[in-house]
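# Overview (structure and organization)
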Amino acid sequence: MINILEATETVKMITQENLDVRTITMGISLLDCISSDLRQLNENIYRKITTCAKDLVKVGNEIEKEYGIPIVNKRISVTPIGLIGASACRNSSDFVSIAQTLDRAAKEVGVNFLGGFSAVVSKGMTKAEENLIRAIPYALSSTDFVCASVNVGSTKTGIDMDAIRLLGQIILQTAELTKENDSLGCAKLVVFCNAPDDNPFMAGAFHGVTEGDTVINVGVSGPGVVKTALESVRGESFEVLCETIKKTAFKVTRVGQLVAQEASKRLGVPFGILDLSLAPTPAVGDSVADILCEIGLEYAGAPGTTAALALLNDQVKKGGVMASSYVGGLSGAFIPVSEDQGMINAAEAGALHLEKLEAMTCVCSVGLDMIAIPGDTEASTISGIIADEMAIGMVNAKTTAVRLIPVIGKGVGESVEFGGLLGHAPVMAVNGFSCKEFISRKGRIPAPIHSFKN
Amino acid sequence: MKKIIITVVGKDTVGIIARVCTYLADNRVNILDISQTIVGGYFNMMMVADPEQSTKDTGTIADELGNVGREMGLSIRVMGEDIFNAMHRI
C-alpha cells in the first residue's frame, strides 16, 4: 500500500511544483469528410468534429477532478486540410472558409486549440497546398483557436525551398494582419522538418494520414518537478544527476500514462501515444531554463548549455520510455523563449541569442520556438532562418521547427506581451546580413546521404 | 472498488481528524487506513478510504473536503488511489 511519504511527494509535485498533464489531444481523421462541394465539405467537417469530440472536455474535467491532477488543455488535431480541401477548394478564400468551420467546431466542443490547418509539402506543393499556405494569414487572423503548420522537409525527401521562400512572406503577412495583438497570429504557425504524425502539442499538432480514425494522444509536463528533484543533488556527479532526472521523468510520465488510458477508456477512443516532452509555461517554477541553471549554468545560453540540454533531453527520454506503453510525438525538452520565464530572463540578461538557440535545437526537440524578432526583418531573412533550422532536422534525422514572431512596429530590446500560456518576450536581434540570393533560388535541397556520418 | 487517498497538510490543531472523519461518516465513505506524522510542526495525514457506499462522486467529495480544510486553515486533497500506484509502483 502507498505510504504517507509517497502520498506527500505526489501531492507536493502537483501543489508546489506545477506537475500537470499539459494536454489531452484527440486526433480526428477528416478523410471521410472529403467532398468536391465546399458547402458539403464544411458541413461534414463540422459534424464529424462535434460528434467525435463532444465529450472530450467533459471527460478531461472528470479525470482532473477524480485524480486531483490538473489537465491544462483539451485539444483537437485533424488531418492536414491541404489534403482534405484539395478537391473542393478552388482558391485561398475557400480554404479560409474551412478554417472558420474548424474554429466554430472548436468553440462548440469547448477545446482551446485545434491544429491541422496544415500542409505536408516536404518534396513539393500541390496547387491546393499552395493555396492553403497562401490562406494562412487570413485563416489565422479571422479565427481564434485554429493552428496552422507546414512541413517543408524531411530526412528522406530533402527540403522544399520554394515552400520556405513562400513561408517567409506568409509569416510577415500573418504578423501584419495581427499587428494589433503584437503579431500574435504567428504564434499559431509552425514550420516543420520531419513533423511527427501524432504530436499532441500546439501549434504544430495535426492528425497524420498514417493514423486511425480517432486517437487520444497525451502530453505530460513537469519541468518544476525535475528542477526541485535536482535541488537535492547539487554538486553531485553526472551519474547521480542523470539518475535523478530519469527517476523523476519516470514518475511524471506514469501520471500521463494513467490519464491517457483513462481518457481513452472513457471516450471509447484508442490510446495513441504519450509525448514525453518537458513543456514549460511562463509560470515561475515551470521552466526548462531553470533546470539548466540547476544543472550548473548561470543562465541558459552560457557555454555548456548545449551539453546540459543534451543530457537533460536524453535522460527524460530514458526515464519516460519505460513508463509508457507507447511513446511518440516530439518527446524531448521544449525550449520556447516566451513561454519559459528562465529563457526570458536569459534573453533579457543578454546570455541567450538566436544562434545559441539554434545550436540548442540540435540536441533537443523542437526548434526555434516562440521567438520575437524585429517587425522589419526581411522575408528572405526569415526564410533563411527557417532553412537553417530545417537543415539541422534533415541532416540529424530529427524533428525541428520554427515559430518566429516578427513583431510589427517593434525593434530589438522592446518587449512583447502575448498573454496566458504564450507568455511575454523581449524582441531578439537577427543577423542582418542578406541571404536574398540564396533564398531566391528555385527548387529543393536534395535529401542527405545516410552514410559517412561525420 | 476504486479507493481514494485523502491527504491533509497544515498547522497542527485540535480536532483535525475528528472533522475529516465526521464528514466521511456523514457521507458514508469507509476509512480503510489512517497514518499521520508531524514534520517540522506541520501535521501530515493520509487516509485510504472507500467511497463505494457514498452517494457523492469523488469530485464532489474533493470539493467539499477542500472547503472543510479551508475553514480549518489546512490543505485537504482527495485523489484516486491509481495516481499514487502509477507513480510509485512498477
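Residues numbered from 1 in each chain as written. Chains lettered and ligands numbered in written order. Predicted model: local features only at pLDDT ≥ 70, side-chain atom pairs only at ≥ 80, totals over all residues.

### With respect to the nonpolar core
Formed by 177 residues in total, the largest nonpolar core has its most connected members in A:Val152 and A:Leu167. Ignoring any residue separated from it by four or fewer positions in sequence, one finds A:Leu167 in contact with A:Ile133, A:Val150, A:Val152, A:Val191, A:Ser383 and A:Ile386. (Core = buried A, V, L, I, M, F, W, Y, C linked by C-beta atoms within 7 Å. Buried ≥ 20, exposed ≤ 12 C-beta atoms within 10 Å, placed from the backbone. Contact = placed C-beta atoms within 7 Å.)

### Let's talk about the interface of chain B and chain A
Across the contact, 22 residues belong to chain B and 19 residues belong to chain A. Contributing elements (two or more residues each) for the side of chain B that touches chain A: strand 1 (4–11), strand 2 (30–39), strand 3 (42–50), helix 2 (58–72), strand 4 (74–80) and helix 3 (81–88) of chain B. Element by element, the count of residues in the side of chain B that touches chain A is highest for helix 3 of chain B, at 7 residues. Partitioned by chemical class, the residues of the side of chain B that touches chain A number 10 nonpolar, 9 polar and 3 charged. (Helix = DSSP H or I, 4+ residues; strand = E, 2+ residues; numbered from the N terminus. Nonpolar A, V, L, I, M, F, W, Y, C, P; charged D, E, K, R; others polar.)

### Digging into the sheet that holds strand 1 of chain B
Residues and elements named next belong to chain B. Read across the sheet, 4 strands follow the order 2-3-1-4 without closing on themselves; strand pairing throughout is antiparallel. Of all the strands in the sheet, the pair left with one neighbour each is strand 2 and strand 4. The mean inter-strand angle of the sheet, taken between neighbouring strand axes irrespective of direction, is 15 degrees. (Pairing = 2+ DSSP bridges. Axes fitted to C-alpha atoms, helices over the stretch in contact; angles between N-to-C directions.)

### Observations regarding helix 7 (residues 161–177) of chain A
All names here are of chain A. For helix 7, spanning 17 residues, the distance from its first C-alpha to its last is 24 Å, which sits close to the expected 24 Å at 1.5 Å a residue. Across the 17 residues of helix 7, 12 count as buried, placing the element largely inside the fold. All buried positions along helix 7 are accounted for by Met-161, Ala-163, Ile-164, Arg-165, Leu-166, Leu-167, Gly-168, Ile-170, Ile-171, Leu-172, Thr-174 and Ala-175. (Expected span 1.5 Å × (residues − 1).)

### Focus: the environment of B:Asn44
Note on placement: B:Asn44 falls in strand 3. Sequence separation between B:Asn44 and B:Val8 is 36 residues, and the spatial gap between their C-alpha atoms is 5.7 Å. Setting aside residues no more than four positions away along its own chain, B:Asn44 makes contact with A:Ile4, A:Thr8, B:Val9, B:Gln36, B:Thr37 and B:Val39.

### Remarks on unusual backbone geometry
Residue and element names in this part refer to chain A. Backbone torsion omega between Met-202 and Ala-203 reads 10 degrees, so that peptide bond is classified as cis. Among the structural elements, Ala-203 can be located in the loop between strand 6 (189–193) and strand 7 (214–220). Residues other than glycine seldom take positive phi values, yet Asn-18 does so here, at roughly 60 degrees. By the C-beta count within 10 Å, which is 23 here, Asn-18 ends up buried.

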